[in-house]
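# Per-entry structural report
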Amino acid sequence: MWMWVNGELRDAADARVSVLDHGLTVGDGIFETVRTTGGRPFALTRHLDRLTRSARGLGLPDPDLDEVRRACAAVIEANPAELGRLRITYTGGLSPLGSDRGNDGPSLVVALGEATRRPDTTAVITVPWTRNERGALAGLKTTSYAENVVALARAHAQGASEALFANTVGQLCEGTGSNVFVVLDGQLHTPPVASGCLAGITRALAVEWCGALETELHLDVLEHAEEIFLTSTLRDVQAVHRVDGRELPGGPGPVTAKAMRVFEERAGNDLDP
């Protein structure tokens with residue numbers, strides 16, 4: 001594997017940042033995951049726009065997007081993959097131990113690994129921990145991911161691929177790495193960004209292409225929704241067949257199946273929507 005590290009392409013065995021990088025010591029960093037198909041990235045412009053928004057929310061300098069694009073192109077060319085996970089990581093850089101940032105500037109790392117197509121349906125669980133919709137990191141895609149690691153481990157222990165959070169007022173929010181959609185009376189809904197969820201790229205496209213409404217929903221909506229699906233960069237649109245102990249009708253329901261079909265067609269026709 002070849003990776004881009006602070007201005008140059010390096011073999012993975014020689015790709016290093018300092019152990020004092022603020023992304024390692026205190027999780028002071030942001031990232032994007034971009035799907036690549038046949039060596040071409042999907043929705044890269046939207047991802048880079050969000051990278052900048054996340055940097056500003058964290059108080060980091062705006063990333064040099066021309067450099068990021070060069071890095072992505074170099075890494076994709078150096079690591080041929082039919083389906084890939086392109087990871088862009090941008091951190092506070094070399095810093096003293098503690099919360100204060102140093103003066104050396106940010107670190108940029110871009111890497112690509114092979115990915116596999118997700119199943120059409122999956123199982124999810126809910127977890128007792130909450131997203132803080134009023135927190136400093138709400139809506140930012142940061143490397144402070146420990147809460148997601150804990151929740152996802154619980155999901156895997158219960159035979160599920162994702163864990164869903166409520167926010168502090170009991171509203172449905174998001175998954176550890178996905179957004180959630182529900183069907184009520186035939187209409188598609190998803191929590192608004194104000195709920196504390198990440199403004200997912202696939203989420204935004206699904207809202208635009210499939211006519212979903214952004215709606216405040218209590219967590220118990222999962223107990224009676226007619227259909228449920230997840231969206232994310234590598235899931236695209238993925239139906240949910242089980243939530244906790246509740247089994248939904250087998251296979252993607254009609255609204256979900258249509259969303260899957262529309263997303264696949266629209267994404268196939270425009271790689272940078």
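Residues numbered from 1 in each chain as written. Predicted model: local features only at pLDDT ≥ 70, side-chain atom pairs only at ≥ 80, totals over all residues. Heavy atoms only, no water.

Let us now look at the sheet that holds strand S1 (residues 2–5). Sheet strands associate in pairs through backbone hydrogen bonding, adopting either a parallel or an antiparallel arrangement. One open sheet holds the 6 strands; their spatial order is S2-S1-S6-S5-S3-S4, and the pairing between them is antiparallel. Sheet topology places strand S2 (8–11) and strand S4 (40–41) at the edges, where each strand pairs with a single neighbour. As paired elements, S1 and strand S6 (residues 107–114) share 2 bridges and run antiparallel to each other. Looking at the pairing, Trp-4 lines up with Val-110 of S6. The strands that helix H2 (residues 44–58) touches are strand S3 (29–37), S4 and strand S5 (83–91); relative to S3, the one it contacts most, it runs at about 175 degrees. (Pairing = 2+ DSSP bridges. Helix = DSSP H or I, 4+ residues; strand = E, 2+ residues; numbered from the N terminus. Contact = heavy atoms within 4.5 Å. Axes fitted to C-alpha atoms, helices over the stretch in contact; angles between N-to-C directions.)

This next bit is on helix H3 (residues 65–78). Taking 1.5 Å per residue as the helical rise, H3 with its 14 residues ought to reach 20 Å, and the 20 Å between its terminal C-alpha atoms agrees with that figure. All of the buried residues in H3 are Val-68, Ala-71, Cys-72, Ala-74, Val-75 and Ile-76. (Expected span 1.5 Å × (residues − 1). Buried < 20%, exposed > 50% of the residue type's maximum accessible area, 1.4 Å probe, protein only.)

This brings us to helix H6 (residues 254–269). A rise of 1.5 Å per residue sets the reference length of H6, with its 16 residues, at 22 Å; its end C-alpha atoms lie 23 Å apart and thus fit the reference within 8%. Within the sequence span of H6, burial applies to Thr-256, Ala-259, Met-260, Val-262, Phe-263 and Ala-267. Looking at the buried positions of H6, the neighbouring elements they touch are S3, helix H5 (201–210), strand S13 (227–232) and strand S14 (236–243).

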